[in-house]
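Per-entry structural report
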Amino acid sequence: MASPKPETLAAFEAAKGFMPVREGLALYEAAAEAASLGLPLLEVGTYCGRSTILLAEAAREAGVSAITVDHHRGSEEQQPGWEYHDPTVVDPEVGLMDTLPTFRRTLHAAGLEEHVIAIVGRSPKVAAAWGGPLGLVFIDGGHTDEHATGDYEGWAPHVAPGGTLVIHDVFPDPADGGQAPYRIYLRALASGAFEEVSVTDSLRVLRRTGGGI
């Protein structure tokens with residue numbers, strides 16, 4: 001089982017974000033295996049870079065790039081008045097969330113800046129402009145059906161044969177969380193294009209075994 005270096009795990013734990021360590025370790029293991037394809041690893045939903053640290057470490061070890069996509073204005077549940085709002089990442093000049101500066105500090109502190117390509121933009125627009133295959137796609141963006149479906153339909157087609165699709169915040173029980181990630185997970189399995197590799201709490205790791213989405 002591939003594990004991140006102790007200093008990388010420490011940087012992950014110190015970073016602002018929501019991913020628990022158990023899920024982070026499962027993500028790293030999936031990323032390390034996927035990186036062996038020699039293709040980039042891509043994350044949808046950067047926030048402040050907590051999970052990006054793990055993808056960057058796996059990418060560095062394999063000599064590939066980690067790519068992370070986010071508009072950095074925060075998802076629905078991170079807006080003022082909502083459960084996951086953090087006022088320390090609001091830009092006082094424009095009055096909107098801006099997690100990009102915190103993300104850059106996170107990567108700098110972890111010593112991983114040179115291994116990450118950060119794309120600032122809306123996921124479907126970036127996906128529409130993307131041309132190449134990916135060894136891993138990690139979907140951890142907005143949790144509405146519109147956003148989760150857009151992320152899946154935009155990025156899942158780019159997962160290379162034998163590549164990995166990882167979906168975060170998959171909650172079969174509505175009492176545990178929103179259902180949009182769960183629905184795209186079920187869609188991926190029903191497509192016949194992906195098979196499940198592992199389940200770690202709300203993290204699902206799938207591998208491409210056929211064409212389509």
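What this report covers is the structure whose coordinates are included nearby. All chains use their own residue numbering, which begins from 1 and follows the written sequence. Local features in this predicted model are restricted to residues whose pLDDT is 70 or higher, and side-chain atom pairs enter the listing and the counts only when it is 80 or higher, whereas totals over whole chains, interfaces and linings include all residues. Only heavy atoms go into the side-chain values, all of them from the structure, while hydrogens and water stay out.

When two rings of Phe, Tyr or Trp (its six-membered ring) have centres within 6.5 Å they constitute a pair, described as stacked for plane angles under 30 degrees, edge-to-face for angles over 60, and tilted for the intermediate range. Using the criterion set out here, one finds 3 aromatic pairs in the structure. Over a ring means this: the NZ of a Lys or the CZ of an Arg is within 6 Å of the ring centre and within 35 degrees of the ring normal. Directly above the aromatic system of Phe 12 lies the positively charged group of Arg 50, at a separation of 4.2 Å from the ring centroid.

Time to look at the nonpolar core. Nonpolar cores are built from buried Ala, Val, Leu, Ile, Met, Phe, Trp, Tyr and Cys residues. Side-chain atoms within 4.5 Å join them into one set. The classification of residues rests on relative accessible area computed with a 1.4 Å probe and restricted to protein chains. Under 20% of the type maximum is buried, over 50% is exposed, and intermediate values are partly exposed. In terms of nonpolar packing, the biggest core is built from 29 residues, with Leu 27, Leu 41, Leu 55, Leu 136, Phe 138, Val 166 and Leu 203 touching the most fellow members. Among the secondary structure elements, those contributing two or more residues to this core are helix H1 (6–14), helix H2 (21–34), helix H3 (50–62), helix H4 (100–110), strand S6 (134–139) and strand S9 (203–208). What Leu 203 contacts, discounting residues up to four positions off in sequence, is Met 19, Glu 23, Ala 26, Leu 27, Phe 138, Val 166, Ile 167, His 168 and Ser 198. Of all hydrophobic cores here, the second largest spans 26 residues; its members include Leu 42, Ile 67, Leu 134 and Ala 188. Secondary structure elements follow DSSP: runs of H or I no shorter than four residues count as helices, runs of E no shorter than two count as strands, and numbering proceeds from the N terminus. Contact definition: two residues touch when any of their heavy atoms are within 4.5 Å.

By the convention used here, strands pair only if DSSP detects at least 2 bridges between them. With mixed pairing, 7 strands are arranged side by side in an open sheet as S5-S2-S1-S6-S7-S9-S8. Since the sheet does not close on itself, it has two edges, and those belong to strand S5 (116–120) and strand S8 (194–200), each with one partner. This sheet shows a mean twist of 20° between the axes of neighbouring strands, independent of strand direction. In the sheet, strand S2 (residues 66–70) pairs with S5 via 5 bridges, with the strands oriented parallel. Axis definition: a line fitted to C-alpha atoms, over the contacting stretch in the case of helices. Angles run 0 to 180 degrees between N-to-C directions.

A few words now on the environment of Ala 2. Structurally, Ala 2 is set in the segment before H1. What makes Ala 2 partly exposed here is its relative accessible area of 30%. Expressed as a C-alpha distance, the spacing of Ala 2 and Leu 206, which sit 204 residues apart in the sequence, is 17 Å. The contact partners of Ala 2, leaving out residues within four places of it in the chain, are Tyr 28, Glu 29 and Ala 32.

Moving on, we get to H1. Along H1, the positions that sit buried rather than exposed are Thr 8, Ala 11 and Phe 12. Burial along H1 is one-sided: seen end-on, the buried residues are contained in an arc of 100°. Within H1, the exposed residues directed more than 90 degrees away from the buried face are Pro 6, Glu 7 and Ala 14. Looking at the buried residues of H1, the elements they touch are H2, H3 and H4. Comment: arc refers to directions from the helix axis out to C-beta atoms.

A few words on H4. All of the buried residues along H4 are Thr 102, Phe 103, Thr 106 and Leu 107. Angularly, the buried residues of H4 cover 135° about the axis, an arc narrow enough to put them on a single face. Of the exposed residues in H4, those oriented more than 90 degrees away from the buried face are Arg 104, Arg 105, His 108 and Ala 109. Where the residues of H4 are buried, they touch H3, S2 and S5.

Turning next to the pattern of salt bridges. Once the charged atoms of two side chains with opposite charge are near each other, the side chains can pair. Take a side-chain nitrogen of Lys or Arg and a carboxyl oxygen of Asp or Glu: if they are within 4 Å of each other, that pair is a salt bridge. Applying the stated criterion to the full structure yields 7 salt bridges. As a salt-bridge pair, Glu 61 and Lys 5 come within 3.5 Å of each other at their nearest N and O atoms. A residue pair is termed long-range when its members are at least 10 positions apart, and Glu 61 in helix H3 and Lys 5 in the segment before H1 qualify at 56 residues. Between Glu 57 and Arg 60 there is a salt bridge, with the nearest N and O atoms lying 2.4 Å from each other. Here Glu 57 and its partner Arg 60 are both found in helix H3, 3 residues apart, which amounts to about one turn of the helix. Note on Glu 57: relative accessible area 1%, which makes it buried.

This next bit is on unusual backbone geometry. We note that Tyr 47 has phi near 50°; this positive angle belongs to a residue other than glycine. Take Tyr 47: it is sitting in the loop between strand S1 (41–44) and H3. Notably, Asp 169 is not glycine yet its phi reads approximately 60°, a positive angle. Turning to its location among the elements, Asp 169 is positioned in the loop between strand S7 (159–167) and helix H7 (180–190).

The buried fraction of S7 amounts to 7 of the 9 residues, a majority that puts the element mostly inside the structure. Where S6 lies against S7, 5 bridges are found, and the strand directions are parallel. Within the sheet, the bridge partner assigned to Phe 138 lies in S7 and is Val 166. When the strands point away from the viewer and the path from the first strand over the helix to the second turns clockwise, the crossover is right-handed. Taking the sense of rotation as the criterion, the β-α-β connection linking S6, helix H6 (residues 145–155) and S7 turns out right-handed. Bridge count between S7 and S9: 4 bridges; the pairing is antiparallel. Counterpart to Val 166 in the pairing with S9 is Val 205.

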